[in-house]
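Each chain, letter by letter, is given below.
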Amino acid sequence: MKIRKAVFPVAGLGTRVLPATKAMPKEMLTIVDKPLIQYVFDEAKEAGIEHFIFVTGRNKVAIEDHFDRMYELDATLEARGKRAELEILARDQPQAGAVSFTRQQAPLGLGHAVWCARDIVGDEPFAVVLPDELVLHSPGCLKQMVEAAQALPDKSNLLAVQEVPADQTHQYGICGVGKRHGGSMFEVAGMVEKPAKGTAPSNFSITGRYILQPDIFRILATQPRGAGGEIQLTDAMIGLSATQNFYGVEFAGERHDCGSKSGFLRANIAYAMARPDLRDGLREEMKKYLGT
Ligand code: UTP
């Protein structure tokens, strides 16, 4: 199964991190020195993705600008001989024609956002990557998934899953565990979005990485609103699981929910501590604040 395209839903309002997201897209929040959207773009590129599809909304033009060339900046850096900075910009620049943008028009939910990408994806399996969830690991989460997907039969769907404490399952999409498929994969036996406390079929939460068959679009087209009055991707996946298999893959890596204030702060510390150029300085600063 060749996965060439990835969809990045970036049309949400980011209400959990207001006021930061009043005029700025949540996906442009910075972890250390890069916006969230660049991390997931890099992760998808590493996984072999060739076309990057952004489902945007109002107030999100900064994302489009981020992936464009900035001629004034390039020219000024060039004139000042700032080679290292120019190299950073060149490194992060997508190939011309490799990115597409479409607008969701109204934030009706993740399922609706994915459906907005239907014509650009076409009739092939594709990845969905949520930019507010980062996974700190090399190789990246999506690369691990694309490799795992090679062992699956045609027309399979694959979800990145990670165990969460039992008292937190009500905050996540949770999947039941069926037959094991190799060391880190299992057949998904039922899915439920944010199950009531004590009713979750397992502790395996569905994280923000999916490999889906294009048949999901047919289901999303008529998917009614679910939890929170939003068109939920999980509900459409439940519909698709009647005719196609879903698998869960336990990925290696630390997951960070950067769409919450505490998760955003934690991610900044984790990513800075993973950087040899910043680690020691940060450790010293932290010691001061922790009083040790
Ligand atoms: P979230 O629920 O985490 O994002 O959706 P949100 O709605 O922006 O955040 P809060 O809860 O108000 O703080 C996960 C991803 O799906 C996108 C978001 O932009 C985010 O990247 N999304 C969500 C859409 O593109 N459209 C939607 O209607 C909802």
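These numbers come from a predicted model, not from an experiment.

**Q** Can you explain the site of the ligand? Please cite residues and give values.
**A** Around the ligand, 18 residues are found, and the nearest of them are Ala11, Thr15, Arg16, Gln104 and Gly109. Within the backbone of Leu13, an N or O atom sits 3.1 Å from an oxygen atom of the ligand. Measuring from a nitrogen atom of the ligand, one finds a side-chain N or O atom of Gln104 at 2.7 Å. In isolation the ligand exposes 560 Å². Once the protein is present, 85% of that is buried. Here the ligand occupies the largest pocket. Partitioning the shell around the ligand into residue classes produces nine nonpolar, five polar and four charged.

**Q** Can you break down helix α10 (residues 261-273) residue by residue, with the values?
**A** Between the first and last C-alpha of α10 there are 19 Å, a value that for 13 residues agrees with the 18 Å anticipated at 1.5 Å per step. Those residues of α10 lying buried are Gly263, Phe264, Ala267, Asn268, Ala270, Tyr271 and Ala272. Those residues of α10 that are buried are in contact with β2 (30-31), α1 (36-46), β7 (133-136), β13 (254-257) and α11 (279-290).

**Q** Requested: an account of the packing of helix α3 (residues 71-79) against helix α4 (residues 83-92), with residues and values cited.
**A** Between two packed helices, both the angle of their axes relative to each other and the distance between the axes serve to describe the pair. At a minimum axis separation of 8 Å, α3 and α4 run at an interaxial angle of 150°. Relative to α4, the element α3 is oriented roughly antiparallel. As for the relative orientation of α3 and α4, their crossing is left-handed in sense. Within the contact between the two elements, α3 uses Leu73, Asp74, Leu77 and Glu78 and α4 uses Arg83, Glu85, Leu86 and Leu89. In terms of residue class, the contact of α3 with α4 is built from four nonpolar, no polar and four charged.

**Q** Hey, could you go over the side chain of Lys34 for me, with residue numbers and the actual values?
**A** Mapping Lys34 onto the fold places it in strand β3 (residues 34-35). Not counting residues up to four positions away in its chain, the partners in contact with Lys34 are Leu29, Tyr39, Asp42 and Arg91.

**Q** Give me the pairing of strand β4 (residues 51-56): which residues, what numbers.
**A** Most of β4 sits inside the fold, with six of its six residues counted as buried. Direction of pairing for β4 relative to strand β5 (residues 99-103): parallel, over a ladder of five bridges. Within β5, the position partnered with Phe52 by the bridge is Val99.

**Q** Outline the layout of surface pockets, listing residues and values.
**A** What the largest pocket holds in volume is close to 1,300 Å³. As for the largest pocket, its lining consists of 46 residues, and the residues nearest its centre are Arg16, Leu130, Asp132, Glu133 and Lys194. Sorting elements by how many residues they give to the lining of the largest pocket places strand β11 (residues 204-212) first, with four residues. Among the residues making up the lining of the largest pocket, the classes are represented as 17 nonpolar, 17 polar and twelve charged.

**Q** Explain the nonpolar core to me, using residue names and the numbers behind them.
**A** Looking at soluble globular proteins, one finds that nonpolar side chains tend to be buried together. Core analysis: the largest hydrophobic core is formed by 43 residues, its most contacted members being Phe8, Ile31, Phe54, Leu142 and Leu158. With residues near it in sequence (within four places) discarded, Ile31 still touches Leu36, Tyr39, Leu134, Cys258, Phe264, Ala267, Asn268 and Tyr271.

Parameters at a glance
Residues numbered from 1 in each chain as written. Predicted model: local features only at pLDDT ≥ 70, side-chain atom pairs only at ≥ 80, totals over all residues. Heavy atoms only, no water. Near = heavy atom within 4 Å. Polar contact = N/O pair within 3.5 Å; in protein donor to acceptor, adjacent residues only side chain to side chain. Areas by Shrake-Rupley, 256 points an atom, 1.4 Å probe, with all protein chains shown as cover. 1 Å grid on protein atoms, 1.4 Å probe; cavity = no way out; pocket = protein on both sides within 12 Å on 5 of 7 lines; lining within 4 Å. Sits in = over half its atoms within 2 Å of the grid points. Nonpolar A, V, L, I, M, F, W, Y, C, P; charged D, E, K, R; others polar. Helix = DSSP H or I, 4+ residues; strand = E, 2+ residues; numbered from the N terminus. Expected span 1.5 Å × (residues − 1). Buried < 20%, exposed > 50% of the residue type's maximum accessible area, 1.4 Å probe, protein only. Contact = heavy atoms within 4.5 Å. Axes fitted to C-alpha atoms, helices over the stretch in contact; angles between N-to-C directions. Parallel < 35°, antiparallel > 145°, perpendicular 65-115°, else oblique. Left-handed = near helix turned anticlockwise from the far one by under 90°. Pairing = 2+ DSSP bridges. Points joined across faces, edges and corners; volume = space filled by probe spheres on them. Core = buried A, V, L, I, M, F, W, Y, C linked by side-chain atoms within 4.5 Å.

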